[in-house]
Amino acid sequence: MFTVQRIYAFHTLPERACAVWVDRLYPRGIAKENMRHVIRLNDLTPSSALRRWYHEAPQARYGEFSVRYLAELQEPAAQQALSELRRLAEQYAEVRLLTAVKSPKQSHVAVLLHYLGEPFIEADNSV
């Protein structure tokens, strides 16, 4: 099962869970100690050019962003990262996708979950 959580609400994980950072940039204000056990899969993230283009007008560009990001997910490096993400999903009861974006439901995270055929489930912040 995949769950989504903003990094700023992330403190601990339940047993049989792992955390995967799915943003390209390191999160502002987060100590490296907090990211010590977080797996980074940078090849799952949108390219820097696509990310910058989208952030110029996110409301107007989300549809086109989704199409372009899905195309990037077809690239060999992204496919290898997707294989690793699927392997983690088989190994752990929960894979928590961590992000710094303010609106995860309108971001690459939602597109990624759609690509995987998985529902968008927000992690319980009290855990």
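Below, the structure is looked at part by part.

Conventions and cut-offs
Residues numbered from 1 in each chain as written. Predicted model: local features only at pLDDT ≥ 70, side-chain atom pairs only at ≥ 80, totals over all residues. Heavy atoms only, no water. Axes fitted to C-alpha atoms, helices over the stretch in contact; angles between N-to-C directions. Helix = DSSP H or I, 4+ residues; strand = E, 2+ residues; numbered from the N terminus. Parallel < 35°, antiparallel > 145°, perpendicular 65-115°, else oblique. Contact = heavy atoms within 4.5 Å. Phe/Tyr/Trp six-rings, centres within 6.5 Å; stacked < 30°, edge-to-face > 60°. Buried < 20%, exposed > 50% of the residue type's maximum accessible area, 1.4 Å probe, protein only.

**Considerations on the packing of helix α3 (residues 76-91) against helix α4 (residues 108-116)**
Here's step 1: At a minimum axis separation of 12 Å, α3 and α4 run at an interaxial angle of 75 degrees. Considering the angle they form, α3 stands roughly perpendicular to α4. On the side of α3, the interface is formed by Gln79, Leu82, Leu85 and Arg86, while α4 contributes Leu112, Tyr115 and Leu116.

**Some remarks on the packing of aromatic side chains**
Here's step 1: A full pass over the atoms with the stated rule returns four aromatic pairs.
Here's step 2: Look at Tyr54 and Phe65: their rings are 4.2 Å apart centre to centre, the planes differ by 25 degrees, and that puts the pair in the stacked class. Note that Tyr54 is positioned in helix α1 (residues 48-56) and Phe65 in helix α2 (residues 58-72), a separation of eleven residues in sequence. Phe65 matches Tyr54 in its accessibility class, with the two residues each being buried.
Here's step 3: On the basis of an interplanar angle of 10 degrees and a centroid distance of 6.0 Å, the ring pair of Phe65 and Tyr69 is categorised as stacked. Of this pair, Phe65 and Tyr69 are both found in helix α2, four residues apart, which corresponds to roughly one turn of the helix. Each member of the pair, Phe65 as well as Tyr69, is classed as buried.
Here's step 4: Through a chain of ring-to-ring contacts, the aromatic side chains of Tyr54, Tyr62, Phe65 and Tyr69 assemble into a single cluster.

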